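Here are the chains, one letter per residue:
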Amino acid sequence: MTDSTASPTRFDRVALTGALVTLVGAAVLPFVELRANRLVPGSGHSLAAAGPWAFVVWGVIALAFVSAVGPSAKARSAASTAGAYGLVAAIAWALGAAAEGLLADMSPVARVSVGGGAWVMLVGAAILGFAGAEERSRFVVRRAGPVVLLVVAVAGALVSGGLDRISLAREFAVRQEQFVSLILGHLAITGASLAAGAAIGVPLGLLAARNRRVRGVALAVTGVIETIPSLALLGLLVVPLAALGAAVPWLRDLGVRGIGPAPGFIALALYSLLPVVRNTYVGLTSVDAAAIDAGRGMGMSRRQLLFRVELPLAAPLVMEGLRVAAVLLTGIATLTVFAGARTLGILIFEGLGQFAPDLILLGALPTIALAVIADIGMSALARAVTPRGVRVAVQTPAPTFAEEAAA
Amino acid sequence: MKHPTRIRWAVIAVALVGFALLVSAEGMWRDLLGALFPDYRTVVHPRGTLVDFTLEHLALVGVSSALTIAVGVPLGIWVTRRSGREFRPLVSAGVDLGQTFPPVAVLALAMPVLGFGFWPTIVALFLYGLFPVVSGTIAGIESVPPAVTEAAVGMGMSRWQVLARVELPLAARVIMAGVRTSVAINIGTATVGAAIGTGGLGVPIIGGLAVQNMAYVLQGAIPAALLAVLADALLAQAEEGLGVATG
Amino acid sequence: MIRLENVTKRFSEKTAVDGLTLEVPEGEVCVLIGPSGCGKTTTLRMVNRLIEPTSGRILVNGRDVMSMRPEELRRGLGYVIQSIGLFPHLTVAENIGVVPRLLGWEKPRIADRARELLSLVGLEPDSYLRAYPRQLSGGEAQRVGVARALAADPPVLLMDEPFGAVDPLNRERLQAEFGRIQRELHKTVVFVTHDIDEAIRLADRVAIMRDGRLQQYDTPENVLNRPANKFVHDFVGADRALKRLVRIKVTEVMRPAPQAAIDDAPEAMRERAGAGRFVYLTDDEGRLAGWLDTDDIRDDAVADAITTVDRLQATVARDASLRDALSRMLGLGFRSIAVTDDEGRIMGEVTFAAIEAVMSEAEEHRGPTADGEGA
Ligand SMILES: Nc1ncnc2c1ncn2[C@@H]1O[C@H](COP(=O)(O)OP(=O)(O)OP(=O)(O)O)[C@@H](O)[C@H]1O
Ligand SMILES: [Mg+2]
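## Considering the packing of helix α6 (residues 167-210) of chain A against helix α12 (residues 302-332) of chain A
Residues and elements named next belong to chain A. The interhelical angle for the contact between α6 and α12, taken along N-to-C directions, is 140°, at an axis separation of 10 Å. The orientation of α6 with respect to α12, classified from their angle, is oblique. Where α6 crosses over α12, the two elements pack in a sense that is right-handed. Across the interface between the two elements, His186, Thr190, Ser193, Leu194, Ala198, Val202, Leu206 and Arg210 from α6 touch Arg302, Leu306, Glu310, Val318, Leu322, Ala325, Ala326, Leu329 and Thr330 from α12. The class makeup of the residues in the contact of α6 with α12 is 10 nonpolar, 4 polar and 3 charged.

The following block contains the structure:
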């Protein structure tokens, strides 16, 4: 990669933005909140509460600014990456230190939670990390970089015990067992309904590609289902299932009840249909007609044509549909708790009901993490099933925007 | 091509009027739900009328979507201009990442950060709605063939004229598709707002599920589903109309 | 051998092929040609039953195609489609191996076959076997398409505008290669094109179609010399005489040429010319080095009358057509040109006069229908 010294801008505006966001978060918003117990509103405390660690944070922020105006693109990239990791680590330690300090002479039920300023600073660090990763222009780094950054930092802080006194960690410690079972429940209902959706959606997409009438009906119906608000669909399923379960006892024994995992499972499976059906349909119909013609002309039977030509070529799009569905379902699964399923939604809505921010975070953050992991994992899977011959080659790195602008 | 379009607009108008009549026909709901669930003591949610819930819902969605469009479209345009191009990868990556976040989780996170009530919910809906609008705007503008903008520049149009007369008209349909996605998500997420005390059609659903009153559930779920489908049809029609206008 | 007997294909309203009767003898190349939409592709695809005829019979090697299982029939017919249709997810080797795999060949045999065929179509096996279609140029892809059609060594090849998507230069190269392969393999070929030059160059017989009907089915020479009707006459074009030259090899009208070695004595050179004006001068390997124009000799200064030339520019190869020779001569401003053998040695020469004679001879053969239409 050429050094973009020809670039008209001698500084990295993206890194500068990251640094500025961090600065604003540190200077204006409360770094931590101190609450007398887990339910009452707290009082904000600035970064100064972290004692000497505050200076470390300020130091790293200064480094972030320097990284934005470094002499060469390469140097700027390295500096902003280092700045990003440094910031996350410093913030984590400062949080721990602030909690330590503020709780020193408080009652044991008092809590210190992560303040808006710290969240904003983490966003700034992510932008900074992105600015650094961008120069390397590797897709995976760009996409997964910030996530890896966060996971590493949080894991590091947890392992070292620095965050033990932050209220989120304490909430977690109290509910550890429930938390684990809810994550498993969340994964189970999402995975099961995704599997069901795929088992129905892929053949349906296949039929839609073969038959115009099926296509019209399948795409219209799944499209309407998709627009119905999840909560409404859940409600619409609960009522007949309740009636059915009441009327047919053996069905109720099988789990068909108004309240329980059944309506959630069915709703999620229904939601997965649109992306799966549509992508299967598009994938199959976008297979080059010449390839199909050649296959037929060479004497392939319909089965052979399907399994040797059409499905391999459609696989990446089918997987993409499953990815979209997986991300979607991971989120909607939180709502199935209203119909009696046991997912991370329990923590979220219990937290909302009790006005307990930590509990909400304990449910919402892992949900987001699961969705992001599903996204990255399924993308990798989609890449794996893409036949090598049709993979987009990444031979030469795309020019960065600075280079393009200079050209 | 004019005729079927007009007919579809007429159908949508009739459906809208029908929907308005349906949610205001309180007596009908009472009778119908009463007949369906004879064992229940009450069949309509006590907190308000269906009209109240619908208006609350529309207020949440309307305000947040208006803000989303007002901010999202200019942001999308900016990162495709020379002055904002450096931020285009950041914004795209942020928007991609943001779209993988579950809307409910984002809404829930708004509470510890912003507090309870109407405005915090609006902010959450607005922020989340930005993702599809921004990505639609970027995709729309970038779908304009470079040859076309080059020709426009070659004909002596200023940057503003190229944007206003060439890029935006050609991108309108894709931008509208982003808006449509955004509104659909907002309508869905706003039902969950009931759990944060912002009202809306989610109130009878959540309330009904909590106390196992299936009549309440239906009272909220049916209008919510209809509202979503109607709004989507309306926006789909607008999207198609923009497509026709630009060829 | 392929026989079409009174074959008709109707698509709802449109009659794409109308009462077509045609026989392609074994080992011959039949070129189907005609304006766009005249039913060439439809005809071809009826042979391998990608389209089923509305009425009439089609026989391949004496068997009615309708009596065979379509898959089985197709595996025995090599098929090259215009858009090539290589499978993008398979390597070149796997693409070539598709039909052999369908036929249940063993792996090593398929691999050997792929190598062999790549060499046959002029692609270096080691650099292409593992390539994917998107890494190939248009011309390379066409070659792989042909190799794939040949994979199971079918006696019959169906080719639908196989060189349609290639630039003129590469197309000529591919045509030459096809000619060579066909001389080697003697397949029965039905070849669709809309390029009359290609048809004349490659065909043993040309079938000219219009609106689904056969207009003339004959050898290229006869199509050129005796167009059956005004349509064929116009379709072949006003430059029929020129096209005819494509069919004639330079060796057919070549005459011996006076030669001398370039290091011979001037007198010896001059003597070799005899009554003629030119003497070709050769290097010590018998290849053209230049010539002596006896008219240019002033005051016995023979050396001044010698022109040295670029050997490759100023000769044509033995398998060139008269058309090639003519265009080379016109380009260089010569009235004759030397013909060389495979080693580049001079075999003889072709003169302008000889070409003229061929053209006027053919003019006398003009068919009665074409007469009086004032070409
Ligand atoms: N599946 C079909 N349905 C209806 N009409 C068809 C179909 N296939 C071909 N036709 C019509 O039949 C006629 C002959 O088509 P065909 O493809 O055989 O022409 P062609 O000679 O190969 O033309 P080209 O040189 O353009 O490839 C055309 O008018 C075409 O429109
Ligand atoms: Mg054709």
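## A short note on the interface of chain A and chain C
By a widespread convention, an interface's size corresponds to the accessible area lost as its parts come together. At the interface, 22 residues of chain A touch 23 residues of chain C. Of the roughly 2,000 Å² buried between chain A and chain C on both sides combined, carbon and sulfur atoms contribute 59%. The largest per-residue losses of area from chain A upon contact with chain C belong to A:Arg296, A:Met298 and A:Arg308, which jointly make up 29% of the total buried on that side. Summed over the shared surface of chain A and chain C, the result is 1 salt bridge.

## A closer look at the domain arrangement of chain A
All names here are of chain A. For chain A, the domain assignment lists domain 1 (10-167) and domain 2 (176-394). Domain 1 puts 10 residues into the contact, and the matching count from domain 2 is 13 residues. Between domain 1 and domain 2, roughly 750 Å² of surface is buried when both sides are summed, and carbon and sulfur atoms account for 52% of that area. Counting across the domain 1 and domain 2 interface gives 2 salt bridges.

## A closer look at the sheet that holds strand β1 (residues 32-35) of chain A
Residues and elements named next belong to chain A. Strand order in this open sheet of 3 strands is β2-β1-β3, and the pairing throughout is antiparallel. Edge strands, defined here as strands with exactly one partner in the open sheet, are β2 (43-45) and β3 (111-114). Strand-to-strand twist of the sheet, defined as the mean angle between neighbouring strand axes without regard to direction, takes the value 30°. Both β1 and β3 contribute to a ladder of 4 bridges, which runs antiparallel. Counterpart to leucine 34 in the pairing with β3 is valine 112.

## Observations concerning the site of ligand 1
Residues and elements named next belong to chain C. Near ligand 1, the surroundings consist of Phe11, Lys14, Ala16, Ser36, Gly37, Cys38, Gly39, Lys40, Thr41, Thr42 and Glu161. Separating an oxygen atom of ligand 1 from a side-chain N or O atom of threonine 41 is a distance of 2.6 Å. In this structure, an oxygen atom belonging to ligand 1 sits 2.5 Å away from a side-chain N or O atom of threonine 42. Summarising the interface, the protein chains cover 61% of the accessible area of ligand 1, which totals 630 Å² for the free molecule.

## Thoughts on the side chain of C:Lys40
Residues and elements named next belong to chain C. Position of lysine 40 among the secondary structure elements: in helix α1 (residues 40-47). The charged side chain of lysine 40 is buried without a salt bridge, its nearest counter-charge being glutamate 161 at 4.9 Å. Polar side-chain contacts of lysine 40 include one of 3.0 Å to the backbone oxygen of glycine 34. Sequence-distant contacts of lysine 40, defined by excluding residues within four places in its chain, comprise Leu32, Ile33, Gly34, Pro35, Glu161, Val192, Thr193 and Met209.

## Considerations on the environment of C:Tyr217
Residue and element names in this part refer to chain C. With respect to the secondary-structure elements, tyrosine 217 resides in strand β10 (residues 213-218). Judged by relative accessible area, which is 21%, tyrosine 217 ranks as partly exposed. Once the C-alpha coordinates of tyrosine 217 and alanine 207 are considered, the two residues, 10 residues apart in sequence, prove to be 4.4 Å apart. Beyond its immediate sequence surroundings of up to four residues, tyrosine 217 is in contact with Leu22, Glu23, Val24, Pro25, Cys30, Arg205, Val206 and Ala207. One polar contact links the side chain of tyrosine 217 to the main-chain carbonyl oxygen of glutamate 23, over a distance of 2.7 Å.

## Digging into the packing of aromatic side chains
Residue and element names in this part refer to chain C. Applying the stated rule across the entire model yields 12 aromatic pairs over all chains. Relative to phenylalanine 191, the ring of phenylalanine 178 has its centre 5.5 Å away and its plane inclined at 55°; by these criteria the two rings are tilted. Placement of phenylalanine 178 in helix α8 (residues 168-185) and of phenylalanine 191 in strand β8 (residues 188-193) is noted, with a sequence separation of 13 residues between them. A ring pair is formed by tryptophan 291 and phenylalanine 334, whose centres lie 5.0 Å apart and whose planes are at 90°; its orientation type is edge-to-face.

## Re the interface of chain A and chain B
Contact with chain A, which involves 41 residues of that partner, is made by 42 residues of chain B. Each partner contributes to the roughly 3,800 Å² buried at the junction of chain A and chain B, and carbon and sulfur atoms together form 83% of this total. There are 1 salt bridge connecting chain A and chain B. Seen at the junction of chain A and chain B, the total is 2 residue pairs in polar contact (both at pLDDT 80 or more). For the side of chain A that touches chain B, the elements supplying multiple residues, two or more each, are α1 (13-28), α4 (116-136), α7 (212-227), α8 (230-247), α12, α13 (345-354), α14 (357-385) and α15 (401-406) of chain A. The element best represented in the side of chain A that touches chain B is α14(A), accounting for 10 residues.

## A closer look at the confidence of the model for chain A
All names here are of chain A. Here chain A shows a mean pLDDT of 83. Residues at 70 or above account for 85%. Confidence, expressed as mean pLDDT per element, reaches its minimum in chain A at α15 with 32 and its maximum at α12 with 94. Under a pLDDT of 50 for its full length, residues 1-8 has, in the predicted model, 15 contacts with residues more than four places off or in other chains. Low confidence marks residues 393-407, where pLDDT is under 50. Its contacts with residues over four positions away, or in another chain, come to 17 contacts.

Thresholds applied
For every chain, the first residue of the written sequence is number 1, and numbering continues from 1 along that sequence. Chain labels run from A onward and ligand labels from 1 onward, assigned in the order the entries are written. For this predicted model, a pLDDT threshold of at least 70 governs which residues receive local features, and a threshold of 80 or more governs which side-chain atom pairs are given and counted, while totals over whole chains, interfaces and linings are taken from all residues. For the side-chain quantities, the full set of heavy atoms in the structure was used; hydrogens and water were omitted. Angles shown run from 0 to 180 degrees and are taken between the N-to-C directions of axes, each axis being a line fitted to C-alpha atoms and, for helices, limited to the stretch in contact. Secondary structure counts use DSSP, requiring at least four H or I residues in a row for a helix and at least two E residues in a row for a strand, with both numbered from the N terminus. The labels follow the angle: roughly parallel below 35 degrees, roughly antiparallel above 145, roughly perpendicular from 65 to 115, and oblique for the rest. Note on convention: the crossing is left-handed when the near helix lies turned anticlockwise from the far helix by less than a right angle, right-handed when the turn is clockwise. Note on contacts: a residue pair is in contact if any heavy atoms of the two residues lie within 4.5 Å. Charged residues are taken to be Asp, Glu, Lys and Arg, nonpolar residues to be Ala, Val, Leu, Ile, Met, Phe, Trp, Tyr, Cys and Pro, and polar residues to be all remaining types, Gly included. Once two parts are joined, some of their accessible surface, as seen by a 1.4 Å probe, is lost; buried area is that loss totalled over both. Take a side-chain nitrogen of Lys or Arg and a carboxyl oxygen of Asp or Glu: if they are within 4 Å of each other, that pair is a salt bridge. For the domains described, the bounds stem from an automatic or database domain assignment. By definition, two strands form a pair when at least two bridges between them are found by DSSP. It suffices for a single heavy atom of a residue to lie within 4 Å of a molecule or strand for the residue to be listed as near it. N or O atoms closer than or at 3.5 Å make up a polar contact, with two conditions inside protein: a donor-capable atom paired with an acceptor-capable one, and, for residues adjacent in sequence, both atoms drawn from side chains. The protein chains shown are the only cover counted for residues, whose accessible areas, like all others here, come from Shrake-Rupley with a 1.4 Å probe. Whether a residue is buried, partly exposed or exposed follows from its accessible area with a 1.4 Å probe, protein chains only, as a fraction of its type maximum: under 20%, in between, or over 50%, in that order. In this tally Asp and Glu are treated as negative and Lys and Arg as positive; neither His nor the chain ends contributes. For this analysis, a ring pair means two rings from Phe, Tyr or Trp (six-membered ring only for Trp) whose centres lie within 6.5 Å, classed as stacked if their planes differ by under 30 degrees, edge-to-face if by over 60, and tilted for the remaining angles. Every residue is assigned a pLDDT by the predictor, reflecting its confidence on a scale from 0 to 100.

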